Amino acid sequence: MTAIKHALQRDIFTPNDERLLSIVNVCKAGKKKKNCFLCATVTTERPVQVKVVKVKKSDKGDFYKRQIAWALRDLAVVDAKDAIKENPEFDLHFEKIYKWVASSTAEKNAFISCIWKLNQRYLRKKIDFVNVSSQLLEELPKVAEESVPSGENQSVAGGDEEAVDEYQELNAREEQDIEIMMEGCEYAISNAEAFAEKLSRELQVLDGANIQSIMASEKQVNILMQLLDEALKEVDQIELKLSSYEEMLQSVKEQMDQISESNHLIHLSNTNIVKLLSEIEFLVNHMDLAKGHIKALQEGDLASSKGIEACTNAADALLQCMNVALRPGHDMLLAVKQQQQCFSDLREHFARRLANHLNNVFVQQGHDQSSTLAQHSIELTLPNHHPFHRDLLRYAKLMEWLKSTDYAKYEGLTKNYMDYLSRLYEREIKDFFEVAKIKMTGTTKESKKFGLHGSSGKLTGSTSSLNKLSVQSSGSRRSQSSSLLDMGNMSASDLDVADRTKFDKIFEQVLSELEPLCLAEQDFISKFFKLQQHQSMPGTMTEAEDLDGGTPRQHNSGVPLPVSSEKDMIRQMMTKIFRCIEPELNNLIALGDKIDSFNSLYMLVKMSHHVWTAQNVDPASFLSTTLGNVLVTVKRNFDKCISNQIRQMEEVKISKKSKVGILPFVAEFEEFAGLAESIFKNAERRGDLDKAYTKLIRGVFVNVEKVANESQKTPRDVVMMENFHHIFATLSRLKISCLEAEKKEAKQKYTDHLQSYVIYSLGQPLEKLNHFFEGVEARVAQGIREEEVSYQLAFNKQELRKVIKEYPGKEVKKGLDNLYKKVDKHLCEEENLLQVVWHSMQDEFIRQYKHFEGLIARCYPGSGVTMEFTIQDILDYCSSIAQSH
């Protein structure tokens, strides 16, 4: 056990500055025996910490490791189980009860005794020792001494530390005297008893000398006693004098106490006066409103600039007086209550005056602005509201004051402003749009056709008339199959570039007039009503808004329901004021669409640009939202225009008595593409046009083939060839990047049908010759050798010469001339493909000629049979026929 104890001290406790005092080998009760050690330790540094440490042998080696430690102060009970019989079991009560079985009862008793001693020495809280014999507790000091390892500091072992505390170290002089004395007695080391006897004799001699000296000094002691008696008498006299002095000073002390108390009261009074003066100065400085300010609030002129400035300064001063942070107790003063009531009355009075004045200004603005409507109605411009905004902005600070002091009146003014201005803007905007409609339709006579009429400089129009127009236009179509537009729309061929440019300029001017109007009004609302434009994220109107105008509802107390942000409130006000813009724009768009469905292209580009501009400024603004909604309508009209063209392609019927030529919808696609490319140049919504192109070109391809299949007068190949040539030429000229694949497809279809038409037509001029050589090729295909074909009865040399004689040069030229005339009848003039087709026929005829000659040379070798015309003759025939026509 000693070896283990030394090993634990060296390996575990010495590195942690701890000293091991006791150790017991234990295992847990009732479980599989796994031995460990409980160690009682103290730290070597102060303050001393006493711990019980559980040490366990490592599974991986022969070294020990520290597993858990408990502070001794956390130990509540030590239960030895049995105070009479020897029992190795014991319990330690920490935060929970730990049951242990020691390897021997002696080790258990030694460990418990060490715990008891450490508890007595270091802990204020005493541990309860249960079932420990009194005899063991009496022997504890001895046991504790034995438990401490030899050679270590034994101050913890009990009573030895008291002995150590009584021992005093010799000083240098005492050490020197002892050395001198021991030098005089050299035998002191060898004979300690003789040395002790000598010292005893010398001590007795010294005691006798001391007694004689004391007896000799008795006389001096008597003299000293007499001196002491005299000194006592003098002290008594001094005490008497001090008593008389004290009586004399007693009255002075009472007077000084009175003076001191009086000075304290004076100082306290002065302090109170200073504090009172400070409070009064605070109230006077912060709650005193100048008479000039009071007069301005009661009678100030709210119409002049000076009066507005004076009222603004007075309102600010009043607000500062009302918002002053009173100190504790001020609100209980009668004067303060009266002053606060006075301020409240002034605030109510001025707020009422300000609200009434601004309401009058709003009403007056409506009357003044109405007088300029007639002038602006003639021109396509909107009245300028800048002077009105400039005049009202002088009241911006007063509106801010009203917002912070009386929100109910502020809200009432906001509602009145929206009511008055919405009616004013509605008149201006409606008249403005009527002028735009008249300018779009041209003369009054034309305007009546679209449901518009004017009188006395006032222009009126109705949505119902446009709706009737829509029904009428959709119910009547053009009689010609080539038309792609409704009867209500003017034919695209009748509208020249100038008319469409005029419409584009008018629509752009409408948007250009509306945009600054809305932005100026929104900026004014933000400044005048003190609403921040950059405070919130985009949102929609809340449920707490009125259905008629979007204004916030109120509780019964008059306090407004909170809106999501001031930005939302600006949008709500703009929606109420300009509620007529969106329907008027939709009516104008409907009119433009009825005039010419291609106008939707202009409107889509212009509207997209203005929406993009508005969203860059503020994506959640009223202008951005409104134009975005209208853009949806424009895009819907554009899609409808494309769908109508595709539908009308499918409805096209061709005449059975005349040649087809270039189909109407092919020409219309060319017109649409050319117009669209000029309109959408550098436009933001190019993607919409590309999608429309894809739909249209697919419709054109499908319906060209459909019409070609139905054609009776014109061959199918001619219809396909001419129309796909026209489509290819259009796409090549316009260079539309998204239709590159369709351009290649159109070229391929044109080439294929040109070749098909040429081959089909060339079978007719040399019909018998063609049939003869087809028979020859059939025999070769059946397995007859080429040189043996001439032995066939139907294809011998005589039959060949007979067929060739039927086609002399004159007959060939005549056949080619008839072919040229027939081709000329099939082809249309506008596409100008006659020379191209004739040249292809010439090349094909020469290829057939060479093919026939090759067959003669292979199948009739050495016969000397040749055609009665040469390739040069064919070239001359074709050239002369083309020149003659």
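Please read these numbers as outputs of a predicted model, since none were measured by experiment.

Notes on the pairing of strand S1 (residues 18-28)
Then, in step 1: Judged by how many residues are buried, S1 sits mostly within the fold: ten of eleven residues are covered.
Then, in step 2: One ladder, built from eight bridges, connects S1 with strand S2 (residues 36-43); its direction is antiparallel. Directly across from valine 24, in S2, lies its bridge partner leucine 38.
Then, in step 3: Looking at chain direction, S1 and strand S7 (residues 97-102) are connected through three bridges and run antiparallel.

Quick look at the nonpolar core
Then, in step 1: Core analysis: the biggest nonpolar cluster contains 170 residues, and Tyr417, Phe672 and Val837 have the highest contact counts within it.
Then, in step 2: Excluding its chain neighbours within four sequence positions, the residues that come into contact with tyrosine 417 are Phe362, Phe388, His389, Leu392, Ser422, Glu521, Phe524, Ile525, Phe529, Met573 and Ile577.
Then, in step 3: Core analysis: the next-biggest nonpolar cluster, separate from the first, contains 29 residues, Val78, Ile112, Ile115 and Leu123 among them.

Structural notes on the packing of helix H25 (residues 716-734) against helix H26 (residues 740-762)
Then, in step 1: Between H25 and H26, whose axes approach to 8 Å, the crossing angle comes to 150°. With respect to H26, the axis of H25 lies roughly antiparallel. The two elements H25 and H26 meet at a crossing, and its hand is left-handed. Each of Arg716, Asp717, Val718, Met720, Met721, Phe724, His725, Ile727, Phe728, Leu731 and Ser732 in H25 lies in contact with H26, whose residues at this interface are Glu742, Lys743, Ala746, Lys747, Lys749, Tyr750, His753, Leu754, Ser756 and Tyr757.

Regarding the packing of aromatic side chains
Then, in step 1: In this structure the tally under the stated criterion is 28 aromatic pairs.
Then, in step 2: The interplanar angle of 40° and the centroid separation of 6.5 Å between the aromatic rings of phenylalanine 388 and phenylalanine 524 together place this pair among those described as tilted. You can see phenylalanine 388 sitting in helix H13 (residues 386-392) and its partner phenylalanine 524 sitting in helix H18 (residues 497-528), a full 136 residues away along the chain. Grouping residues by exposure puts phenylalanine 388 and phenylalanine 524 together as buried.
Then, in step 3: Note on phenylalanine 845 and phenylalanine 869: the rings are 6.4 Å apart at their centroids and 35° apart in plane angle, and the pair reads as tilted. Of this pair, phenylalanine 845 sits in helix H30 (residues 834-859) while phenylalanine 869 sits in the loop between H30 and helix H31 (871-884); the two residues are 24 residues apart in sequence, bridging distant segments of the chain. Both residues of the pair, phenylalanine 845 and phenylalanine 869, belong to the buried class.
Then, in step 4: The lysine or arginine in question, arginine 121, covers the ring of tyrosine 122, its NZ or CZ lying 5.6 Å from the ring centre.
Then, in step 5: Directly above the ring of phenylalanine 282 sits arginine 327, whose terminal nitrogen or CZ lies 4.2 Å from the centroid.

Examining the confidence of the model for the protein
Then, in step 1: Predicted confidence across the protein gives a mean pLDDT of 78, with 83% of residues reaching 70 or more.
Then, in step 2: Under a pLDDT of 50 for its full length, residues 443-495 has, in the predicted model, 86 contacts with residues more than four places off or in other chains.

Side note on a nonpolar patch on the surface
Then, in step 1: Taken together, the side chains of Val221, Ile223, Leu224, Met225, Leu227 and Leu228 present a nonpolar region at the surface, about 540 Å² in accessible area.
Then, in step 2: Tracing the chain through its elements places leucine 228 in helix H8 (residues 218-287).
Then, in step 3: On the basis of relative accessible area, leucine 228 is assigned to the partly exposed category, the value being 44%.

Here we look at unusual backbone geometry
Then, in step 1: Of note, the amide linkage connecting arginine 46 to proline 47 takes the cis form, showing an omega dihedral of 0°.
Then, in step 2: Tracing the backbone shows proline 47 in the loop between S2 and strand S3 (50-57).
Then, in step 3: In this model, lysine 81 sits at a positive phi of 75°, which is unusual for a non-glycine residue.
Then, in step 4: In this fold, lysine 81 is placed in the loop between strand S5 (77-79) and strand S6 (89-93).
Then, in step 5: A positive phi is found at lysine 530, a non-glycine position, where the angle reads about 55°.
Then, in step 6: Among the structural elements, lysine 530 can be located in the loop between H18 and helix H19 (566-577).
Then, in step 7: You can call lysine 530 partly exposed: its relative accessible area is 29%.

Calculation rules
- Residues numbered from 1 in each chain as written.
- Predicted model: local features only at pLDDT ≥ 70, side-chain atom pairs only at ≥ 80, totals over all residues.
- Heavy atoms only, no water.
- Buried < 20%, exposed > 50% of the residue type's maximum accessible area, 1.4 Å probe, protein only.
- Helix = DSSP H or I, 4+ residues; strand = E, 2+ residues; numbered from the N terminus.
- Pairing = 2+ DSSP bridges.
- Core = buried A, V, L, I, M, F, W, Y, C linked by side-chain atoms within 4.5 Å.
- Contact = heavy atoms within 4.5 Å.
- Axes fitted to C-alpha atoms, helices over the stretch in contact; angles between N-to-C directions.
- Parallel < 35°, antiparallel > 145°, perpendicular 65-115°, else oblique.
- Left-handed = near helix turned anticlockwise from the far one by under 90°.
- Phe/Tyr/Trp six-rings, centres within 6.5 Å; stacked < 30°, edge-to-face > 60°.
- Lys NZ or Arg CZ within 6 Å of the ring centre and 35° of its normal.
- pLDDT = per-residue confidence, 0-100.
- Patch = residues over 30% accessible without salt bridge, like charges linked within 9 Å, V, L, I, M, F, W, Y side chains within 5 Å.
- Areas by Shrake-Rupley, 256 points an atom, 1.4 Å probe, with all protein chains shown as cover.
- Salt bridge = Lys/Arg side-chain N within 4 Å of Asp/Glu carboxyl O.

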